[in-house]
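What follows is each chain in one-letter form.
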Amino acid sequence: DTYTAPFNDQKVRLAFAKAIDRESIVKNVVGSQFGIAAYSFLAPGFPASDSDGSLKSIQGYDCDAAKTLLSDAGYPDGKGFPDQELKLRNENDAHKAWAVAAAGSISQCLNVKITVNNLEFKTYMDGLLARPTTVQFAMISYGMYYRDPSNMLGVWLSSGRHSWTNAEFDKLVNDAGVK
């Protein structure tokens with residue numbers, strides 16, 4: 001939920017992104033035979049994905065940069081940052097383990113408390129669709145239905161169910177014919 005503090009601050013969102021050690025999670029939790037570390041919405045190998053790795057510099061693990069961003073947002077060493085609940089939508093045991101690992105990476109790096117709560121599907125969706133939403137911080141596994149960028153990027157248009165708006169993103173996606 002990018003409308004509500006603390007995630008209404010882009011520095012906080014970027015701090016969380018940089019606090020996730022994706023390489024370690026893939027190596028130690030997911031297993032390199034089942035996944036690779038990804039740094040964009042479109043997974044590597046997907047049409048129009050970040051095949052050259054240029055987005056890794058934005059979302060790659062960098063705990064020092066993450067701490068600086070969180071401090072710049074008003075939470076030095078995590079002080080004053082509200083406890084967070086990472087909500088999951090009826091995830092299986094493997095996906096729960098991934099979420100716990102990501103939450104642990106963020107918590108360890110930024111000194112913030114995150115609990116993981118795997119909600120039943122209806123409870124999660126009712127909260128997501130409520131206005132204002134009650135799902136502020138979440139993870140959902142997502143399987144692509146077809147190999148086209150619209151399958152993932154179209155989900156994030158401002159007219160969607162997520163509490164996120166970006167007119168420039170909407171324009172780029174619509175100009176590309178992704179609807």
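These notes cover the structure that comes with them. (Residues numbered from 1 in each chain as written. Predicted model: local features only at pLDDT ≥ 70, side-chain atom pairs only at ≥ 80, totals over all residues. Heavy atoms only, no water.)

1. Comments concerning the packing of helix 1 (residues 10–18) against helix 4 (residues 63–72)
The relative placement of two packed helices comes down to the angle between their axes together with the axis-to-axis distance.
Here is step 1 of the chain: At a minimum axis distance of 8 Å, the contact between helix 1 and helix 4 shows a crossing angle of 160 degrees. If you check the angle between helix 1 and helix 4, you find them roughly antiparallel. You can see that helix 1 and helix 4 cross each other, and the crossing is left-handed. Contact residues: helix 1 offers K11, V12, L14, A15 and K18, while helix 4 offers C63, A65, A66, L69, L70 and D72. (Axes fitted to C-alpha atoms, helices over the stretch in contact; angles between N-to-C directions. Helix = DSSP H or I, 4+ residues; strand = E, 2+ residues; numbered from the N terminus. Parallel < 35°, antiparallel > 145°, perpendicular 65-115°, else oblique. Left-handed = near helix turned anticlockwise from the far one by under 90°. Contact = heavy atoms within 4.5 Å.)

2. So, the sheet that holds strand 1 (residues 84–89)
Here is step 1 of the chain: Spatial strand order, 2-1-3: three strands in an open sheet with parallel pairing. Only two strands of the sheet have a single neighbouring strand rather than two, namely strand 2 (114–119) and strand 3 (138–139).
Here is step 2 of the chain: Of the strand pairs in this sheet, strand 1 and strand 2 are connected by six bridges, and their pairing is parallel. Residue L86 lies in a different strand from strand 2, and its bridge partner there is V116. (Pairing = 2+ DSSP bridges.)

3. Some points on the pattern of salt bridges
Here is step 1 of the chain: Summed over all chains, the structure comprises six salt bridges.
Here is step 2 of the chain: A salt bridge links D93 to K96; the shortest N-O distance between them is 2.9 Å. With D93 and K96 both in helix 5 (residues 93–110), this residue pair falls three residues apart, about one helical turn.
Here is step 3 of the chain: Look at K96 and you get partly exposed, because its relative accessible area is 28%. (Salt bridge = Lys/Arg side-chain N within 4 Å of Asp/Glu carboxyl O. Buried < 20%, exposed > 50% of the residue type's maximum accessible area, 1.4 Å probe, protein only.)

4. Some remarks on the packing of aromatic side chains
Geometry of an aromatic ring pair is reported as the spacing of the ring centres plus the angle between the planes.
Here is step 1 of the chain: With the rule as written, the count across this model stands at nine aromatic pairs.
Here is step 2 of the chain: An angle of 80 degrees between the planes, with centres 6.3 Å apart, marks the rings of F7 and F81 as edge-to-face. Taken as a pair, F7 in the segment before helix 1 and F81 in the loop between helix 4 and strand 1 lie far apart in primary sequence, 74 residues in all.
Here is step 3 of the chain: By relative accessible area, which is 8% here, F81 ends up buried. (Phe/Tyr/Trp six-rings, centres within 6.5 Å; stacked < 30°, edge-to-face > 60°.)

5. A short note on the nonpolar core
A general feature of soluble globular proteins is that nonpolar side chains tend to end up buried together.
Here is step 1 of the chain: Counting 27 residues, the largest nonpolar core has F16, I106 and L110 as its most contacted members.
Here is step 2 of the chain: At the level of elements, helix 1, helix 2 (22–30), helix 4, strand 1 and helix 5 are the ones that each hand at least two residues to this core.
Here is step 3 of the chain: It is helix 5 that provides the largest number of residues to this core, a total of seven residues.
Here is step 4 of the chain: Apart from residues no more than four positions distant in its own chain, L110 is found in contact with A15, F16, A19, A66, K67, L70, D77 and G78.
Here is step 5 of the chain: In terms of nonpolar packing, the next biggest core, distinct from the first, is built from eight residues, L42, L153, F169 and V173 among them. (Core = buried A, V, L, I, M, F, W, Y, C linked by side-chain atoms within 4.5 Å.)

6. Focus: the side chain of S163
Here is step 1 of the chain: By the element assignment, S163 lies in the loop between helix 7 (150–153) and helix 8 (167–175).
Here is step 2 of the chain: With a relative accessible area of 10%, S163 lands in the buried category.
Here is step 3 of the chain: Dropping the residues within four chain positions of it, S163 is found in contact with D1, T2, Y3, R131 and T133.

7. What about the packing of helix 2 against helix 5?
Here is step 1 of the chain: The interhelical angle for the contact between helix 2 and helix 5, taken along N-to-C directions, is 140 degrees, at an axis separation of 10 Å. By the angle class used here, helix 2 and helix 5 are oblique. The two elements helix 2 and helix 5 cross, and the hand of that crossing is right-handed. Taking contact as the criterion, the partners of I25, V29 and V30 in helix 2 are, on helix 5, A97, W98, A101 and A102.
Here is step 2 of the chain: Tallied by class, the residues present in the contact of helix 2 with helix 5 amount to seven nonpolar, no polar and no charged. (Nonpolar A, V, L, I, M, F, W, Y, C, P; charged D, E, K, R; others polar.)

Interpretation in functional terms is not warranted from these geometric data alone.
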